[in-house]
Amino acid sequence: MLKRTLLFIIAVCNLFAQTVFAQEKSQNAQSNFSNAKVSIRFYDRTMYYPNETETNPVYVHITIANHGAETLRFKLADNRLFSLNFKVLNIKNSSLPYTDSLINARTTSQSVYYRDIALESGEEYSFIENVKEYIQISEPSIYYLEMEFYPELYKSGGFGEKLTSNRLTLEVKPAPAASASVVVPVKGKSSELLKPEPISPDQVVEQTISACQKALWDQFFLYMNIEEMLKNSSRSAKAKYQSSSAVERSRMLENYKADLMQSKIDSDIVAVPSYFEIEKTVYSPTEGSVYVLEWFQNNGYREKKRYTYHLLRRDGIWQIYKYNVDNLGRE
């Protein structure tokens, strides 16, 4: 009888110890996730255009880091869309739709194969994904990109433990016209390599107009003081900008650039001339004006206009900060 009682007590103690161990393990896992950090950055950044998932991908470098003292354990699906979820927001804060392939995969009953990953304290795990395989990006604009990581795999409806990354600004340009033939001198295709150079005011204007003709927006904005352009666009815009916080100002500048790219505002500055010629350049050490004749082809006639681009010199670089347009009639 005593032996049975002793065995019963041992069994109860063993069960209690297992329960406590399981609770501690669960608490440690939660602690690990709270000490994990997920970050994203553009990989091999280039010029991004709508659609073209394979030929013009938006590659993002993803890093999962363990900043805690304990081992970080998580699952990583072979098909990464069961571990990741990208969100792309437009300037109106609306989410872009998922791709059809992603929707079909997540709504079809199938086995999800995964690997168990363990990161010790201070270790990182990185890989690369194409955002366009997750999200339909069909229009040129300024977007805001972030990612959600599911350490216990993606559940239907997005439920479950998740870690959210930092946010990136994604600029998608209109696809260049096939007939465009103007070549603008730049240092490679990557927008990260584009740096303004100490060239003369007339060269600045010439490169800016040429970039506009090819919808090369990184080059178009390269020598443009967007802040001053916005403030000079209207009194109300200037008043709103000056009364806004730093965060709101940054958002206003991004929205202004996006609206320019889509010709929603200040359409004269982004109007595409069939050809142009620089008429006159006047400048001092700090200020300059470049007068340009531009011709625009319409149905059966051409419009001739004189553009006056006003520039300021800062740290040796000339920047366009406002402009005027005079209509010179038809030809």
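Residues numbered from 1 in each chain as written. Predicted model: local features only at pLDDT ≥ 70, side-chain atom pairs only at ≥ 80, totals over all residues. Heavy atoms only, no water.

A. Looking closely at the packing of aromatic side chains. Tallied over the entire structure, the rule returns 13 aromatic pairs. An aromatic cluster of three or more residues is present, and its members are Phe296, Tyr307, Tyr309 and Tyr323. In this structure, Lys257 is placed above the aromatic ring of Phe221, and the distance from its NZ or CZ to the ring centre is 5.0 Å. The aromatic ring of Phe296 is capped on one face by Lys305, whose charged end is 5.3 Å from the ring centroid. (Phe/Tyr/Trp six-rings, centres within 6.5 Å; stacked < 30°, edge-to-face > 60°. Lys NZ or Arg CZ within 6 Å of the ring centre and 35° of its normal.)

B. Highlighting the packing of helix H6 (residues 235-242) against helix H7 (residues 246-261). Look at H6 against H7: their axes get within 9 Å of each other, and the N-to-C directions meet at 145 degrees. Here Ala237, Lys240, Tyr241 and Gln242 of H6 lie close against H7, whose contacting residues are Arg249, Met252 and Leu253. Residue composition of the contact of H6 with H7, by class: 4 nonpolar, 1 polar and 2 charged. (Axes fitted to C-alpha atoms, helices over the stretch in contact; angles between N-to-C directions. Helix = DSSP H or I, 4+ residues; strand = E, 2+ residues; numbered from the N terminus. Contact = heavy atoms within 4.5 Å. Nonpolar A, V, L, I, M, F, W, Y, C, P; charged D, E, K, R; others polar.)

C. Spotlight on the pairing of strand E2 (residues 59-66). The buried fraction of E2 is high, at 7 of 8 residues. In this sheet, E2 lies alongside strand E1 (residues 36-42) in antiparallel orientation, the contact comprising 7 bridges. Paired with Val38 across the strands is Ile64, a residue of E2. Where E2 meets strand E6 (residues 124-130), 7 bridges bridge the pair, whose relative direction is antiparallel. Residue Ile62 lies in a different strand from E6, and its bridge partner there is Phe127. (Buried < 20%, exposed > 50% of the residue type's maximum accessible area, 1.4 Å probe, protein only. Pairing = 2+ DSSP bridges.)

D. View of the packing of helix H5 (residues 226-233) against H6. Where H5 meets H6, the closest approach of the two axes is 5 Å, and the angle between their N-to-C directions is 125 degrees. What the angle tells us is that H5 and H6 run oblique. Side by side, H5 and H6 meet where Glu227, Leu230, Lys231 and Ser233 of the first sit next to Ala237, Lys238, Tyr241 and Gln242 of the second. Looking at the contact of H5 with H6, its residues break down into 3 nonpolar, 2 polar and 3 charged. (Parallel < 35°, antiparallel > 145°, perpendicular 65-115°, else oblique.)

E. Main features of the side chain of Asn85. Along the chain, Asn85 falls in strand E4 (residues 84-89). When residues no more than four places from it in sequence are discounted, the contact partners of Asn85 are Tyr98, Arg106, Glu146, Met147, Glu148, Tyr150 and Tyr154.

F. Quick peek at the sheet that holds strand E12 (residues 301-314). Strand order in the open sheet formed by 4 strands is E10-E11-E12-E13, and the pairing between neighbours is antiparallel. Either end of the sheet is taken by a strand with one partner, and the two such strands are strand E10 (275-283) and strand E13 (317-330). The mean angle between the axes of side-by-side strands here comes to 20 degrees, regardless of whether they run parallel or antiparallel. Here E12 pairs with E13 via 11 bridges, running antiparallel. Each residue of the ladder has a partner; that of Arg313, found in E13, is Trp318. Helix H3 (residues 201-213) rests against E10, strand E11 (287-298), E12 and E13 of the sheet, and its axis sits at about 155 degrees to E10. Relative to the sheet, H5 contacts E12 and E13, its axis offset from that of E13 by approximately 40 degrees.

G. Structural context of the confidence of the model for the protein chain. Overall, the predicted model of the protein chain reaches an average pLDDT of 83, with 84% of residues at or above 70. With pLDDT under 50 throughout, residues 19-31 is counted as low confidence; its partners more than four residues away or in other chains account for 0 contacts. (pLDDT = per-residue confidence, 0-100.)

H. Structural view of the sheet that holds E6. Strands sit in the order E1-E2-E6 across an open sheet of 3 strands; the sheet is antiparallel. A strand with exactly one partner marks an edge of an open sheet, and here the two such strands are E1 and E6. Across this sheet, the average inter-strand angle for adjacent strands is 20 degrees, counted without regard to direction.

I. Focus on the pattern of salt bridges. If you walk through the whole model with that rule in mind, you get 9 salt bridges. Measuring nitrogen to oxygen at the nearest pair gives 3.9 Å for the salt bridge that ties Arg80 to Glu129. Here the residue Arg80 occupies a position in the loop between strand E3 (72-77) and E4, and Glu129 occupies one in strand E6, the gap between them amounting to 49 residues. Sharing partners across several salt bridges, the network here consists of Lys87, Glu148 and Lys162. (Salt bridge = Lys/Arg side-chain N within 4 Å of Asp/Glu carboxyl O.)

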